[in-house]
Amino acid sequence: MTLVGAGELGRLGAAVSEADVVATVVAVAIVASATVTIVPAGAAFSFSPDGGLAEPAPISADSAGGDGTLEGSLLSAGEDLSIQGSLELTSKVRYLVESDEESYWRVGAYDLYTGDGWVRRGETGPLDRRLGSPAGRSRTVEQTYRAMSPIGTMPAVWRPSDVAGPVAENARVTRLGGLQPSTPLDANDTYRVTSEVPIATGTELRNAGREYPESITNQYLQLPDSTPERVAERTERLTANADNPYDTARIIEQWLESNREYSLNVSKPSGSVADSFLFEMDRGYCTYYATTMATMLRTQDIPSRFVVGYTSGQRVAEDEWVVRGHNSHAWVEVYFPEVGWIRFDPTPASPRDSTAQQDLQSARQANETDVDTNRSRGGEWTPTPTETETATGGGDQPSFDERDMSIPDYYGPDSAFTRDDFATGGNVTVSTPENSTTTASENGSQERPGEDSDGVIPGIEQLTLAALVVFGFASVVRRSGLAERTYRAVWLRWQPREDPATDVDRAFERLEYVLERRHRERRPGETVNDYLSTVEADERARRVAEIREQMRYAGVVDRAAADETIELVDELVGGD
């Protein structure tokens, strides 16, 4: 575009100052190519929660999800999930859920990591062959789901042991325990799920050991050959003093939560997603967090898998939740012998929830449809102390959600990672394989002379592109007159105080500008009084002119009179 544009300018004999047109076009192209994600479709059918089952098709920010969102790429019911760049989620209501307790509404899991996405291996099968209970203790949780729009997924609390209702007659279950309807659900379709939720304390998980079944290690330790060795090295340093898989998982979970910012606006890396998020990126959303955690765990021979579904959503009653598209989420499940699969979530909850709330407020202000139910506009339901006891079950068996969330006490000052690091986000002292000590920055990368805080030195290409973008958009501002209009708007609406005479003159200039916009310009030789009479200015304008005349001919004006002119003109501007 630069070469063609320059050639055209030369052919037309244009001035050099006209080159900013070409720079503007190039800047727009650079920004568009860096922010619009196009994902080639795989061979498998994919599912968009907004539009049901669909043939493979290119997914973009304008077409995916059925209504312009990328929710479908995050919650695919197919066998492939490609990790995207910048993401947009909808606030439309997807499900109403009645449940014994708050939980994550799990849609499905993936076991094969490709470096830039996930694949679920194995066939789906009948419900009676694939449903079951955890290996260890469990508690029963009953849920009822009502679809609020056509949708092709069947969320359920892990681990589903029974499904009932008309939808369940032909439903199937994947090899990894995710429910799938044979045909997309219609609005108001309902189904009931009984789940057996694993029960385990932190102590029990620490003592679970590493005696994994061969079927588990064969399926859930795989990593692509393209995974750099530095991922394992970084993980080993961070978890050096963890002597069991549970503590290793907790350290990784909290490190990612504390050292990466949550954002839906990211550029998808060209190489390994986990490696890029660990070493080169400083922000991302749930698929980046979960992919990186699962990869780090697998480098330590800890079976893990990538899971998608919905967070609990807006609680509108003691046992009812409204689940929207922006509750789409990804997390990690880790396998513990004699316990089963346990959920870990490395994505920081507060910024994620804040983003969802902002989206919902914007949708409500825009009067978008299907973002609320009759009960959801009243805000979050808050339990009383009595209701809290009832909601949590009041049993004497601790659940995993009540596990010990602390870092082990034996993590002392000489450890590779300490409790204080999570609280302060400060530097972490790590031991290198040569037993020498180096200092890692907040995001965990070792600082080297001449590198920035992310350990990445901008190349000449990045600097050139950035300069083109800046120049191009500066040209847009110049040609559109945006800078001048912005200055004029500020000048008109804000007048700082100086000396009284200067204040009166500027107030009068502002008055003339307002009258020109509303009526016409004052003609040459036309007196102020004649002009004000012709345009039928009100008493406020006449008072400003009177004070100015007194100043010009009497030669003096006091502070009170100057303040009066500013306030009168401010009133006139406010009505413009």
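Rules behind the numbers
- Residues numbered from 1 in each chain as written.
- Predicted model: local features only at pLDDT ≥ 70, side-chain atom pairs only at ≥ 80, totals over all residues.
- Heavy atoms only, no water.
- Helix = DSSP H or I, 4+ residues; strand = E, 2+ residues; numbered from the N terminus.
- Buried < 20%, exposed > 50% of the residue type's maximum accessible area, 1.4 Å probe, protein only.
- Contact = heavy atoms within 4.5 Å.
- Polar contact = N/O pair within 3.5 Å; in protein donor to acceptor, adjacent residues only side chain to side chain.
- Pairing = 2+ DSSP bridges.
- Axes fitted to C-alpha atoms, helices over the stretch in contact; angles between N-to-C directions.
- Parallel < 35°, antiparallel > 145°, perpendicular 65-115°, else oblique.
- Left-handed = near helix turned anticlockwise from the far one by under 90°.
- Core = buried A, V, L, I, M, F, W, Y, C linked by side-chain atoms within 4.5 Å.
- Phe/Tyr/Trp six-rings, centres within 6.5 Å; stacked < 30°, edge-to-face > 60°.

Q: Tell me about the overall build of the protein, and please be specific about residues and values.
A: When helices and strands are counted, the protein shows 19 helices and 22 strands. Across the 576 residues that make up the protein, the buried fraction comes to 49%. Taking all contacts inside the protein whose residues are at least 6 apart in sequence as the whole, residues at least 24 apart take part in 70%.

Q: Pulling in residues and values, what's your account of the side chain of His329?
A: Along the chain, the position of His329 falls in strand 19 (residues 328-336). For His329, a relative accessible area of 0% corresponds to the buried category. Only 2.8 Å separates the side chain of His329 from the side chain of Asp345, close enough to count as a polar contact. Of note is the side chain of His329, whose polar atom sits 3.2 Å from the side chain of Arg352.

Q: Hey, could you go over the side chain of Glu526 for me, with residue numbers and the actual values?
A: With respect to the helices, strands and loops of the structure, Glu526 is situated in the loop between helix 16 (500-518) and helix 17 (528-534). Ignoring any residue separated from it by four or fewer positions in sequence, one finds Glu526 in contact with Arg520, Tyr531 and Thr534.

Q: Requested: an account of unusual backbone geometry, with residues and values cited.
A: For the bond running from Trp158 to Arg159, omega is 15°, close enough to zero to count as cis. A positive phi is found at Asn188, a non-glycine position, where the angle reads about 80°. By the secondary structure assignment, Asn188 is in the loop between strand 12 (179-180) and strand 13 (190-198). Even without being a glycine, Glu338 presents a positive backbone phi close to 65°. You can see Glu338 is positioned in the loop between strand 19 and strand 20 (340-344).

Q: Can you lay out the sheet that holds strand 20 for me, pointing to particular residues and giving the numbers?
A: Taken together, four strands build an open sheet; the order of strands is 5-16-19-20 and the sheet is antiparallel. Among the strands making up the open sheet, the edge pair consists of strand 5 (105-110) and strand 20. In this sheet, adjacent strand axes meet at a mean angle of 35° when their direction is disregarded. Across five bridges, the pairing between strand 19 and strand 20 is antiparallel. Looking at the pairing, Val334 lines up with Ile342 of strand 20. Contacts between helix 8 (residues 245-259) and the sheet are confined to strand 19 and strand 20, with strand 20 contributing the most and set at about 25° to the helix. On top of the sheet, helix 10 (residues 286-299) reaches strand 16 (304-310), strand 19 and strand 20; it is set at about 15° to strand 19, its chief contact.

Q: Explain the packing of helix 16 against helix 18 (residues 539-554) residue by residue, including any values.
A: Two numbers describe a pair of packed helices, the interaxial angle and the distance between the axes. Relative to each other, helix 16 and helix 18 sit at 140°, their axes nearing to 10 Å. Classified by the angle between their axes, helix 16 and helix 18 sit oblique to one another. Where helix 16 crosses over helix 18, the two elements pack in a sense that is left-handed. Contacts between helix 16 and helix 18 involve Ala501, Val504, Asp505, Phe508 and Leu511 on the former and, on the latter, Ala541, Val544, Ala545, Ile547, Arg548 and Met551.

Q: Give me the nonpolar core: which residues, what numbers.
A: With 82 residues, the main nonpolar core has Tyr145, Leu179 and Phe336 as its most contacted residues. With sequence-adjacent residues up to four places away left out, Phe336 is seen in contact with Leu205, Ala208, Pro245, Tyr246, Ile342 and Phe344. Within the second largest apolar cluster, 20 residues are counted, among which are Ala507, Phe508, Val528 and Leu572.

Q: Could you give an account of the packing of aromatic side chains, naming the residues involved and the relevant values?
A: Summed over all chains, the structure comprises 19 aromatic pairs. Pairing Tyr95 with Tyr310 gives two aromatic rings, centres 5.9 Å apart and planes at 75°, and the pair type is edge-to-face. You can see Tyr95 sitting in strand 4 (residues 93-99) and its partner Tyr310 sitting in strand 16, a full 215 residues away along the chain. Residues Tyr285 and Tyr288 carry aromatic rings whose centres are separated by 5.1 Å and whose planes lie at 90° to one another, so their mutual orientation is edge-to-face.

Q: Go over the environment of Asn170, please, and point to the residues and values.
A: Its location among the elements puts Asn170 in the loop between strand 10 (160-164) and strand 11 (172-173). Using a relative accessible area of 52% as the deciding quantity, one classes Asn170 as exposed. For the pair Asn170 and Ser182, spaced 12 residues apart in the sequence, the C-alpha separation amounts to 5.8 Å.

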